[in-house]
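# Observations on the three-dimensional arrangement
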Amino acid sequence: HLPHSALAASMGNSASKREADEAKRKADAEALQRAAEERARADELEKYLIAEEAERTRLLNLRKTRESLGVVLQTHGRGYCQRRRYKREKAGFQRRWHIAKELLATEESYVRSLELIVNQFVKPLQASLTTPHPIVTNQQLRTVFSQVESIAVVNKHFLDDLTSCMANWSVNSCIGAIFLRFVDLLKSYIPYVSNYTNSSDTLDSLQSSNPRFVAWLGITVALPECHDHDLPSLLIMPVQRIPRYAMLLTDMLKHTPKDHADYPALVEATEKVRTVATVVNESKRDVDKFQDKLALAAKLTPSQDHVIMGQHIKLVRQGPLDVGGSPLVFVLLSTVLLKCKEKEKGTKWKVQTTYDISHLKVTDVADNNTSTTQFKHSFQIEHSGNKKERFIVSAPTDELKQQWLLDLYNASRSLCRSREGSPS
């Protein structure tokens, strides 16, 4: 047996060893756990890095795909726009070509007509002036044909330039510069158009009072060179030509790109031709009004030429009005009012009464409440001149009634003022 002290010492050593072993075991276990946790964290970090790299790669590929698609779309879009622009410009250039062809074709026909006037009408009549018995006087010749010889020369030069341009036509060809060289010469048309009414009057006078002229004109018009053109239809051509130029230039400008070499000149030429056309149109309106008076004079019986055809007489209004249920036609001129009965539908009007409008009094009449239309849209006309008369007329509509009232009032007022010497 061991002594008690030895046994106690031995037992103490065993306990210390067990504690040391337990501490070591715990330390090892903790070390293993930490190592496992570190490995788990490393695995998670690696997975995160792999996922992040994959997402970065996906985004990069997506960007590349979008950029590639954008390039494709841009290329396609640019190509589409370029194709559309090409088609539009091609259509514009084709339209320019057709307008230029129309301009050339009509100009050729127009110049032929001008030369026909000069060669078949003007020159023979000029030659007759040197004979003992001329067909017309020099003054009559100048009045009828006015500036037509100058116009023929101007337009022949214009046609030559136009023909040269069209012979070498391309997408870069320019018409505007030709018009700019020509446009100032168009002013020779203004006196021609202003004189056109006098020309027509003189021609009518010659045809009604000069048998030699009538016979000569009949022979001349029958010539093959005249192609059945009568003289009045030839003489009106210069009146109609300037508005035609303005229309063709406007159409040409519309189909010319702004970056085309022809564009600036076309803009300037169009504006200048429009200015001349405005002056010509004002003169043409006077011509049209004169033609309206001629047409009216041909309808009236007995003849009212002494009333209608005066230089300062204006045709204000004409149309149907009822008087006591009878349909009549009234013609308002700047000096008189004519009451007419229609003889032949639209072709002949018999003048019943002529009223001096300075002696007229016009009064509005309110529409009657009865069912009859006799007093609808009516007004009263009272004449206080040598032949006193009062009657009620009815217009087809209230609008026409108001127009008649206004025109009658203004015409009467203007005539009274002019007779008093005051400005109308």
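As shown above, the structure is provided for reference.
Here the residue numbers are simple positions, counted from 1 along each chain's written sequence. Where local features are concerned, this predicted model is filtered to residues with pLDDT of at least 70; where side-chain atom pairs are given and counted, the filter is 80 or more; whole-chain, interface and lining totals use all residues. Excluding hydrogens and water, the side-chain values take into account all heavy atoms of the structure.

## Some thoughts on the sheet that holds strand β1 (residues 300-301)
Spelled out, the test is: A pair of strands is labelled paired if DSSP reports no fewer than 2 bridges between them. The way it works is that DSSP assigns letters per residue, a run of H or I at least four long becomes a helix, a run of E at least two long becomes a strand, and they are numbered from the N terminus. The contact criterion used throughout is that any non-hydrogen atoms of two residues lie within 4.5 Å. Each axis is a line fitted through C-alpha atoms, taken for helices only over the stretch in contact, and angles between the N-to-C directions span 0 to 180 degrees.
Pairing is mixed across the open sheet formed by eight strands, whose spatial order is β1-β5-β4-β3-β2-β8-β7-β6. Every other strand in the sheet has two partners, leaving β1 and β6 (360-365) as the edge strands with one partner each. Here four bridges tie strand β3 (residues 326-333) to strand β4 (residues 336-344), and the two strands are oriented antiparallel to one another. What sits directly across from Phe-330, in β4, is Lys-339. Packing against the sheet, helix α12 (residues 398-419) makes contact with β2 (315-323), β3, β4, β5 (348-356), β6 and β7 (378-383), and its axis sits at approximately 130 degrees to β2.

## Section: the nonpolar core
This is how the line gets drawn: Definition used in this section: a nonpolar core is a set of buried Ala, Val, Leu, Ile, Met, Phe, Trp, Tyr and Cys residues joined via side-chain atoms within 4.5 Å. Buried, partly exposed and exposed residues are distinguished by accessible area as a fraction of the type maximum, computed with a 1.4 Å probe on protein chains only: under 20%, between the cut-offs, and over 50%, respectively.
If you look at the biggest cluster of nonpolar residues, it comprises 62 residues, and the most contacted ones within it are Phe-121, Phe-145, Phe-179, Leu-186, Phe-213, Leu-235 and Tyr-245. When residues in this core are grouped by element, the largest group, 13 residues, is from helix α1 (residues 4-128). Apart from residues lying up to four places away in sequence, Phe-145 is in contact with Ile-117, Phe-121, Val-122, Leu-125, Tyr-192, Leu-231 and Leu-235. Counting 19 residues, the second largest nonpolar core, distinct from the first, contains Leu-321, Ala-395, Trp-404 and Leu-408.

## With respect to the pattern of salt bridges
So the rule is basically this: Definition used for salt bridges: Asp or Glu carboxyl oxygen within 4 Å of a side-chain nitrogen of Lys or Arg.
Tallied over the entire structure, the rule returns 17 salt bridges. Arg-181 is paired through a salt bridge with Asp-161; the nearest N and O atoms lie 3.7 Å apart. Remark: Asp-161 occurs in helix α3 (residues 148-167) and Arg-181 occurs in helix α4 (residues 176-183); sequence separation between them is 20 residues. Of the residues examined, Arg-181 reaches a relative accessible area of 53% and is grouped as exposed. Connected through shared salt-bridge partners, Glu-52, Glu-53 and Arg-56 make up one network.

## Some words on helix α7 (residues 211-221)
Rule in force here: Picture the helix axis, draw a direction to every C-beta atom, and the arc is the one those directions span. We call two N or O atoms a polar contact when they sit within 3.5 Å, provided that within protein one can donate a hydrogen and the other can accept it, with sequence-adjacent residues counted only if both atoms are side-chain atoms.
Residues of α7 that are buried: Phe-213, Trp-216, Leu-217, Thr-220 and Val-221. Each buried residue of α7 lies within a common arc of 125 degrees when the element is viewed along its axis, so the set occupies one face. Of the residues in α7, the exposed ones pointing more than 90 degrees away from the buried face are Pro-211 and Ile-219. Taking the backbone nitrogen of Arg-212 as reference, a side-chain oxygen 3.2 Å away marks Asn-210 as the first, capping residue of α7.

## A short note on the side chain of Lys-339
With respect to the secondary-structure elements, Lys-339 resides in strand β4. A residue is classified by how much of its surface remains accessible, and Lys-339, at 9% relative accessible area, is buried.

## Quick notes on the packing of aromatic side chains
Rules: The rule is short: rings of Phe, Tyr and Trp, with Trp giving its six-membered ring, pair when the centres are within 6.5 Å, and they are stacked under 30 degrees, edge-to-face over 60, tilted in between. Here, a charge over a ring is recorded when the distance from Lys NZ or Arg CZ to the ring centre is within 6 Å and its angle to the ring normal is within 35 degrees.
Scanning the entire structure with this criterion turns up eleven aromatic pairs. Residues Phe-158 and Phe-182 carry aromatic rings whose centres are separated by 4.1 Å and whose planes lie at 15 degrees to one another, so their mutual orientation is stacked. Of this pair, Phe-158 sits in helix α3 while Phe-182 sits in helix α4, placing them 24 residues apart in sequence. Assessed through its relative accessible area of 3%, Phe-182 is described here as buried. Members of the aromatic cluster, each reached through a chain of ring pairs, are Phe-158, Phe-179, Phe-182 and Tyr-245. The aromatic ring of Phe-391 is capped on one face by Lys-339, whose charged end is 4.7 Å from the ring centroid.

## Overview of helix α2 (residues 138-145)
All of the buried residues in α2 are Leu-141, Thr-143, Val-144 and Phe-145. Immediately beyond the C-terminal end of α2, within one or two residues, lies Ser-146, with a positive phi of roughly 45 degrees.

## Some details on a nonpolar patch on the surface
Definition in use: To count toward a patch, a residue needs a relative accessible area above 30% and no salt bridge. Like charges then connect within 9 Å, nonpolar side chains (Val, Leu, Ile, Met, Phe, Trp, Tyr) within 5 Å. The Shrake-Rupley method, run with a 1.4 Å probe sphere, supplies the accessible areas, and residue values consider only the shown protein chains as cover.
A cluster of nonpolar side chains, namely Leu-45, Tyr-48 and Leu-49, defines an oily patch on the protein surface of about 320 Å² accessible area. Mapping Tyr-48 onto the fold places it in helix α1.

Scope: geometric values only; no functional claims are made or implied.
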